[in-house]
Amino acid sequence: MTSEASPLLLSAVAAAVAALAFVFYRNSAVGSGVRLPKTVKRVRGTLPIIGALVPGLTNYNRLLDFLLEEGQQHNFEPKALIIPFTTPLIFHFDPASVEFILKTEFEHCVKGDYFVSRMKQILGHGIFVSDGETWRVQRKTASHIFSTKKFREFFETVFASEMQELIARLRKSADGTTVVDMQDNFFRFTLDGFGQIGFGVELNTMQKDNVPFAAAFDRAQGVMDYRFFSPLWWLEELIVFPRWLQMRRDASTIRSFAADIVRERKAESAAVRDSRSDLLTLFMNVRDDNGISLNDEELGDNVLNFILAGRDTTAQALSWCIYYLNKEPRTMAKLVAEIDETLGEKLAPTYDQAKSMKYANAVFHEALRLSPSVPKDSKVAAKDLVFPNGNVVPAGTAIAWVPYAMARNPNIWGSNAAEFVPERWLDSRLPSQFEYPVFNAGPRVCLGKALAELEGVYVLVSLLRQFEVRVVDLASVHYANSLTMPMRGGLKCTVRERRL
Ligand code: HEM
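Because the structure is a prediction, the values reported are computed rather than measured. (Residues numbered from 1 in each chain as written. Predicted model: local features only at pLDDT ≥ 70, side-chain atom pairs only at ≥ 80, totals over all residues. Heavy atoms only, no water.)

Let's talk about the pairing of strand S2 (residues 89–92)
Counted only if it meets this: With a 1.4 Å probe rolled over the protein chains alone, any residue whose accessible area is under 20% of its type maximum counts as buried; one over 50% counts as exposed, and the rest are partly exposed. Helix numbering and strand numbering both begin at the N terminus, where a helix is a DSSP run of H or I of at least 4 residues and a strand a DSSP run of E of at least 2. Only strands that DSSP links by at least two bridges are regarded as paired with each other.
Burial of the side chains of S2 extends over both faces: Leu-89 and Phe-91 are buried on one face and Ile-90 and His-92 on the other. Across 3 bridges, strand S1 (residues 79–81) lies against S2 in antiparallel orientation. Of the residues in S2, the one forming a bridge with Leu-81 is Leu-89. As defined by bridge partners, S2 adjoins strand S8 (residues 398–401) across 4 bridges and the pair is classed as parallel. Following the sheet pairing, His-92 is matched in S8 by Trp-401.

Pasting the structure below:
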């Protein structure tokens, strides 16, 4: 070979490799593992080799609206998001696909290593990350705490005393001009409340300025969410070293918080321990077939999974309720009228009143519909699946559904789908679990749904009975990307005591 020929030959080889790569990855992205059939529509801007890297990453901060727009483009048909070196995701927006994933093919749509690898640093092998027998045992164990008798007890003790704390905290700033972060206040309420319900501990975050656990938990959830979209996330985290370091520090803060709860419980005398009947006690009493109980780390996993379930979702739902009620003053006036009429002279509802207040319950569900606490969710196909719309989805593909976009799908909710209309919940026909998968659906439907409804309505009603809550700048409210749906930068409000 002459030295003059080399550049030509190299160019020819490079061109041939590029052409082959183009042909091979025409409908896919390099390193995405599974090859999806051409019939599954791709998000706009998908290219050979790099797939949807550009639209995926440039829209990451507005991911939910990006997915909504993709859904709207073809009457809410599924769309694939294929990013190099990560599991391809197909997003679904219709009830039939949701039913197929969460019920019909429940055994073949799993969390698998897809979830474990991205979340075990924080959530270990707890209920949100497990499948099969491990999941079944955890669900059965925890289910004992979600009974009507227990709820009445929580309502009269935990919620009532936590509400007093919240009111006392708000009174300090109730001049109508001081700005308070209502999302932060709701987070404190649900964390303290769940600390007592779940683990019998008084966390008292309502009385503290900073809550390092909460800050670390919020950041860690953002990182775990990003891991589902980033190409080679583990490599990226090593390269972006400060992020990796921060996540390590946060993981340590979070895991120590859970370990302390477990350690303190184990240090109690047997008599005190036996008198308890909370979630931690239930998990401490579990034995496997060989009579072995959960170790401290596994107990810590459970603590953290249940804090994620019990704290974030309900606090975010309450924050979005306040946002939408401010956006639609007509609905605020209607709710306050129902509250005043039902409560009479009293300041808080009874258990039966909270359950029977139709408009308050409708407001809670309507806010959750438009801003679902889990706005997108996914599983992995454990085998090749044929979806109701005929799409063949190969094993290993991540299959997602998007409650945020489904709420805006007029095929489900009619022409006013995108508007905040609590009245739609007063109709006799309520949506199915699959049309409104805000609490998940099928065998893994949310265990805490009834508790969350009760807590949400109780807080909303008790709060608006005593305070006028005004959002300072509605236009600046936006969701942050996370596993759940927090507001970026919180919910800045002013509060003023009502004259009763
Ligand atoms: C507005 C409030 C709430 C919403 C919107 C909500 C929504 C959800 C969703 C979407 C899931 C499925 C998550 C997944 O596996 O990917 C779920 C699961 C779960 N939720 Fe809730 N949740 C709420 C409140 C609560 C509360 C207060 C608890 C009480 C601790 C709770 C306990 C659970 C548990 C234990 C699971 C796991 C169920 C399983 O995998 O079998 N949730 N929830």
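Structural notes on the site of the ligand
Basically, it comes down to this: A cutoff of 4 Å decides nearness: a residue is near a molecule or strand if any of its heavy atoms lies inside that distance of it. Grid spacing is 1 Å over the protein atoms alone, the probe is 1.4 Å, and a cavity is where that probe fits but cannot get out, while a pocket is an open set with protein on both sides within 12 Å along at least five of seven lines and lining residues have an atom within 4 Å of a point. Those molecules having more than half of their atoms within 2 Å of a cavity or pocket grid point set are described as sitting in that cavity or pocket. Residue polarity follows a fixed list, in which Ala, Val, Leu, Ile, Met, Phe, Trp, Tyr, Cys and Pro are nonpolar, Asp, Glu, Lys and Arg are charged, and the others, Gly among them, are polar.
Among the 24 residues in the neighbourhood of the ligand, the closest are listed as Lys-111, Trp-135, Arg-139, Asp-377 and Cys-446. Put simply, the ligand lies in the largest cavity. No other element matches the 5 residues that helix H14 (residues 296–327) contributes to the shell around the ligand. Looking at the shell around the ligand, its residues break down into 14 nonpolar, 6 polar and 4 charged.

Some remarks on the packing of helix H15 (residues 329–343) against helix H20 (residues 449–466)
Here is the rule: Here the axes come from fitting lines to C-alpha atoms, over the contacting stretch only for helices, and the angles between their N-to-C directions go from 0 to 180 degrees. The scheme is simple: roughly parallel for angles under 35 degrees, roughly antiparallel for over 145, roughly perpendicular for 65 to 115, oblique for anything else. Residue contacts follow a heavy-atom distance rule, with two residues in contact if any of their heavy atoms lie within 4.5 Å.
In the contact formed by H15 and H20, the axes pass within 10 Å of each other and the chain directions differ by 90 degrees. Considering the angle they form, H15 stands roughly perpendicular to H20. Facing Met-332, Leu-335, Ile-339, Asp-340 and Leu-343 of H15, the residues of H20 in contact are Leu-460, Val-461, Leu-464 and Arg-465. Taken together, the residues of the contact of H15 with H20 sort by class into 7 nonpolar, no polar and 2 charged.

Concerning the sheet that holds strand S4 (residues 175–181)
Taken in spatial order, the 3 strands make up an open sheet running S4-S10-S9, and their pairing is antiparallel. Edge positions in the sheet fall to S4 and strand S9 (467–471), since each has one partner strand and no second. Sheet twist, expressed as the mean angle between neighbouring strand axes with direction ignored, is 30 degrees. Across 4 bridges, S4 lies against strand S10 (residues 492–497) in antiparallel orientation. Residue Asp-181 lies in a different strand from S10, and its bridge partner there is Lys-492. Contacts between helix H7 (residues 148–171) and the sheet are confined to S4, S9 and S10, with S9 contributing the most and set at about 65 degrees to the helix. The strands touched by H14 are S9 and S10; relative to S9, the strand with the most contacts, the crossing angle is about 80 degrees.

Some remarks on unusual backbone geometry
One non-glycine residue with positive phi stands out, namely Leu-232, at about 45 degrees. Mapping Leu-232 onto the fold places it in the loop between helix H9 (212–226) and helix H10 (233–239). The class of Leu-232 is partly exposed, set by a relative accessible area of 28%. Despite not being glycine, Asn-440 has its phi angle at roughly 65 degrees, a positive value. Tracing the sequence through the fold places Asn-440 in the loop between helix H19 (410–413) and H20.

What to know about the side chain of Gln-353
To keep things clear, this is the line we draw: Counting of polar contacts relies on pairs of N or O atoms within 3.5 Å, with two restrictions inside protein: one atom must be capable of donating a hydrogen and the other of accepting it, and residues adjacent in sequence are counted only when both atoms are side-chain atoms.
With respect to the helices and strands, the residue Gln-353 is situated in helix H16 (residues 351–356). A polar contact of 3.2 Å, which involves the side chain of Gln-353, links it to the backbone oxygen of Thr-342. Excluding residues within four positions of it along the chain, Gln-353 makes contact with Thr-342, Leu-343, Lys-346 and Ala-348.

Considerations on empty space enclosed by the protein
Going by this rule: Grid points are joined across faces, edges and corners, and a volume is the space filled by probe spheres set on the points.
One pass over the full model with this rule turns up 3 cavities of 30 Å³ or more. In this structure, the largest cavity occupies an estimated 1,000 Å³ of space. Forming the walls of the largest cavity are 48 residues, and the residues nearest its centre are Phe-128, Ala-309, Thr-313, Val-374 and Asp-377. Elements represented by at least two residues in the lining of the largest cavity include exactly S2, helix H5 (112–123), helix H6 (132–143), H14, helix H17 (358–370), strand S5 (377–381), S8 and H20. When residues of the lining of the largest cavity are assigned to their parent elements, the largest contribution, 7 residues, is made by H14. Within the lining of the largest cavity, the residues separate by chemical class into 32 nonpolar, 8 polar and 8 charged.

Focus: the side chain of Arg-369
Of note, Arg-369 is situated in helix H17. Under the relative-accessibility criterion, Arg-369 is labelled buried at 1%. Side-chain polar atoms of Arg-369 contact the backbone oxygen of Ala-407, separated by 2.7 Å. Here the side chain of Arg-369 touches Glu-419 through a polar contact of 3.1 Å, landing on its backbone oxygen. Beyond its immediate chain neighbours, meaning those up to four positions away, Arg-369 contacts Pro-403, Ala-407, Trp-413, Ala-417, Glu-419, Arg-424, Trp-425, Tyr-436 and Val-438.

Here we look at the packing of aromatic side chains
Selection criterion: Pairing of aromatic rings covers Phe, Tyr and Trp, the last counted by its six-membered ring, and requires centre-to-centre distances within 6.5 Å; plane angles under 30 degrees mean stacked, over 60 mean edge-to-face, and any other angle means tilted. We count a charge as sitting over a ring when the NZ of a lysine or the CZ of an arginine lies within 6 Å of the ring centre and within 35 degrees of the ring normal.
This model, assessed by the stated rule, comprises 27 aromatic pairs. Aromatic pair Phe-100 and Phe-387: ring centres 4.5 Å apart, planes at 50 degrees, arrangement tilted. Placement of the pair is Phe-100 in helix H4 (residues 95–104) and Phe-387 in the loop between strand S6 (385–386) and strand S7 (392–393), with a sequence separation of 287 residues. Classification of Phe-100 by relative accessible area gives buried; the value is 9%. Of the residues examined, Phe-387 reaches a relative accessible area of 2% and is grouped as buried. A centroid spacing of 5.8 Å and a plane angle of 70 degrees characterise the contact between Tyr-404 and Tyr-479, whose relative ring orientation is edge-to-face. Here Tyr-479 lies in the loop between S9 and S10 and Tyr-404 lies in helix H18 (residues 403–406), a separation of 75 residues in the sequence. Taken together, Phe-155, Phe-159, Tyr-351 and Tyr-458 form an aromatic cluster joined through their ring pairs. Residue placement shows Arg-118 over the ring face of Phe-228; its charged tip is 5.2 Å from the ring centre. Positioned over the ring face of Tyr-404 is Arg-408, at 3.9 Å from the centre of the ring.

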